[in-house]
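# Inside the fold
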Amino acid sequence: MSNIPSNAPDPNATRELDRMRPPQEARTIIDSKITRLPAESIPLAAAPWRILAADLMAPEDHPPFAASTMDGYAVFADDSSPWREIIGEQNAGHVIDAEVTDGYTVRIMTGAPVPRGANAVVPVEATELAEDHVVIHQEDVQPGANIRPVGSDVRKGDLVLSAGTILGPAEIGLAANMGINPVSVSRRPRVSVLSTGDELVEPGQLLGPGQIRDSNRFSLCAALQADGCEITFAGQAPDRRDELEAFLDQRLATDDIVITSGGVSMGELDLVKAILFDSPDIQVHFRRLYLKPGKPLNFATRGDALLFGLPGNPVSSLVTYEVFIRPTLRQMMGMRDIDRPRVPVMLQHDVQASDRIEFQRGIVSVNVEGRLVARNSGKQQSSRLASFVGANALLVIPPRESPYVAGDTVQAMMLGAPFTG
Ligand code: AMP
Ligand code: MG
């Protein structure tokens, strides 16, 4: 008979929960909990930067008719007459009733349909106009010259855009071109953000003793906006169990992802961690990682809703966002490239290694030989948000006993383009 009370946490379960995990293992756990967001049909004009939910096949040929690529004269290529009589003018958007035969031509504009009988267009620069006829100063007019045949840009049935594509300028233009309107895109992830901590005040308020301003909420909301989310709530709460419980209960019912910052370390008032652990309907999947910064990241679920309890330090919360939340959002939306690109870079100075995988804010540039080189952005304390400003990468520093030295190669997770010059 055990004398442990029945409502006490199972020590084996707690031990497993507190096991330090490599970030990759954490990613695998998160992946297994992700539900693909449903598709919704929206007007094409509202679709820039949204994620295509299904493959798009061309419903028709493009161009839909043989079109001139030049302003000039539509001719029959084999015709060797020195001059042609002009029998009409073919502008874009209209079709005139004319047939080009030997000795005749139709003046034609770029994008206009090639008239019957014609099989080449002579550019206007190679002609000379004389009253009602034109002199062609080009020998050897090739059949097909300056004509875009039907379907030469896109063939009916071709896969033009595949599911998971982000609708940027070229993609949205192509969809418009193909007549796709409305378009089926992934619903935006619904995400709420709560900064927790008795010390937090709003920017714009005066600081009392021991107070600091909430910055995490602003950083996280900026990141969520860039990643295409609908932010359903953003606010802050003090370290009070009832308020935090009510917030989680409400947001987990409607959101796809709930993000909190603060309250997950080892302190007495680290209530987020305690509430997640105590709530019978919330499952905590991990809460300690071999990661620097970001060791106490909590990941939990209730039904399909995911909850990330981020550490409070501003850099820790942004790094854990980058490493875990951004790929999660992208996977939910069905994107294919869910991770930031990683490239090998050469260190420009020595770097101390730690016992955890460390993500250092880095500055990656192209040196005179065209190689990617990197330096960190100075002191790497997880409170020092200033050292994130201007960083275009996170340098991935694997754990080891000896330091990395200048000239060593490490991976850089690129947040932006490398600097040049
Ligand atoms: P915690 O994870 O709650 O122990 O907080 C760790 C550190 O991050 C403390 O110095 C907090 O004051 C700070 N911190 C927590 N939340 C925020 C926030 N929203 N904005 C800026 N700093 C924060
Ligand atoms: Mg706190």
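These notes cover the structure that comes with them. (Residues numbered from 1 in each chain as written. Chains lettered and ligands numbered in written order. Predicted model: local features only at pLDDT ≥ 70, side-chain atom pairs only at ≥ 80, totals over all residues. Heavy atoms only, no water.)

Moving on, we come to the side chain of aspartate 255. The topology assignment puts aspartate 255 in the loop between α5 (241-254) and β17 (257-261). In this structure aspartate 255 comes out as buried when scored by relative accessible area, which is 5%. The contacts of aspartate 255, once residues within four sequence positions are left out, are Arg190, Val191, Ser192, Thr232 and Ala305. (Helix = DSSP H or I, 4+ residues; strand = E, 2+ residues; numbered from the N terminus. Buried < 20%, exposed > 50% of the residue type's maximum accessible area, 1.4 Å probe, protein only. Contact = heavy atoms within 4.5 Å.)

Close contacts around ligand 1 come from 17 residues, with Glu199, Asp214, Ser215, Gly263 and Gly312 the closest. Here a nitrogen atom of ligand 1 sits 3.0 Å away from a polar atom, N or O, in the main chain of serine 215. Glycine 263 is positioned such that a nitrogen or oxygen atom in its backbone is 2.9 Å from an oxygen atom of ligand 1. At the level of elements, β13 (190-196) and β15 (212-213) are the ones that each hand at least two residues to the shell around ligand 1. Classifying every residue of the shell around ligand 1 gives three nonpolar, 10 polar and four charged. (Near = heavy atom within 4 Å. Polar contact = N/O pair within 3.5 Å; in protein donor to acceptor, adjacent residues only side chain to side chain. Nonpolar A, V, L, I, M, F, W, Y, C, P; charged D, E, K, R; others polar.)

Scanning the entire structure with this criterion turns up 27 salt bridges. With a closest N to O distance of 3.3 Å, glutamate 245 and arginine 241 form a salt bridge. Of the two residues, glutamate 245 and arginine 241 both sit in helix α5, four residues apart, roughly one turn of that helix. You can call glutamate 245 partly exposed: its relative accessible area is 34%. Exposure remark for arginine 241: the relative accessible area of 32% places this residue in the partly exposed category. Of the charged contacts, one joins arginine 400 and aspartate 408 as a salt bridge, the two residues approaching to 3.4 Å between their closest N and O atoms. By relative accessible area, which is 35% here, arginine 400 ends up partly exposed. Linked through salt bridges whose partners overlap, the residues forming this network are Glu16, Arg19, Arg21 and Glu25. (Salt bridge = Lys/Arg side-chain N within 4 Å of Asp/Glu carboxyl O.)

Here the focus is α5. With 14 residues, α5 extends 21 Å from end C-alpha to end C-alpha; this agrees with the ideal 20 Å at 1.5 Å per step. Those residues of α5 that fall on the buried side of the exposure criterion are Leu244, Phe247, Leu248, Arg251 and Leu252. Along the long axis of α5, the arc covered by the buried residues comes to 115 degrees, so they all point the same way. (Expected span 1.5 Å × (residues − 1). Arc of directions from axis to C-beta.)

On to the packing of helix α4 (residues 216-226) against helix α7 (residues 314-332). Between α4 and α7, the least distance of the axes is 11 Å, while the angle of their chain directions is 25 degrees. Classified by the angle their axes make, α4 and α7 are roughly parallel. The interaxial crossing formed by α4 with α7 has right-handed handedness. Of α7, the residues touching α4 (which contributes Asn216, Ser219, Leu220, Ala223 and Leu224) are Pro314, Ser317, Leu318, Tyr321 and Leu329. Looking at the contact of α4 with α7, its residues break down into seven nonpolar, three polar and no charged. (Axes fitted to C-alpha atoms, helices over the stretch in contact; angles between N-to-C directions. Parallel < 35°, antiparallel > 145°, perpendicular 65-115°, else oblique. Left-handed = near helix turned anticlockwise from the far one by under 90°.)

Within this structure, the stated rule accounts for zero disulfides. Take cysteine 221: it sits in no disulfide, and the sulfur closest to it among the cysteines is that of cysteine 229, at 9.8 Å. Classification of cysteine 221 as buried rests on a relative accessible area of 13%. Accessibility expressed as a relative area gives 9% for cysteine 229, which makes it buried. (Disulfide = S-S within 2.5 Å.)

In this structure, Phe308 and Phe324 are the most contacted members of the largest nonpolar core, which totals 40 residues. Once residues lying within four places of it in the same chain are set aside, the contact partners of phenylalanine 324 are Pro23, Ala26, Arg27, Ile30, Leu289, Leu291, Leu297 and Phe308. If you look at the next biggest cluster of nonpolar residues, it comprises 18 residues, including Leu194, Leu248, Ile275 and Ile282. (Core = buried A, V, L, I, M, F, W, Y, C linked by side-chain atoms within 4.5 Å.)

One can find threonine 127 in strand β8 (residues 127-130). Here valine 124 takes part through its backbone oxygen, which lies 2.7 Å from a polar atom of the side chain of threonine 127. For threonine 127, the contacting residues outside a window of four places in its chain are Tyr73, Val122, Val134, Val135, Ile136 and His137.

Here we take up the packing of helix α2 (residues 23-31) against α7. Put simply, α2 and α7 touch, their axes get as near as 11 Å, and they point 30 degrees apart. It follows from the interaxial angle that α2 and α7 lie roughly parallel. Helix-helix and strand crossings are classified by hand; for α2 and α7 the assignment is right-handed. Only Val323, Phe324, Pro327, Thr328 and Gln331 of α7 make contact with α2, whose side of the interface consists of Pro23, Ala26, Arg27, Ile30 and Asp31.

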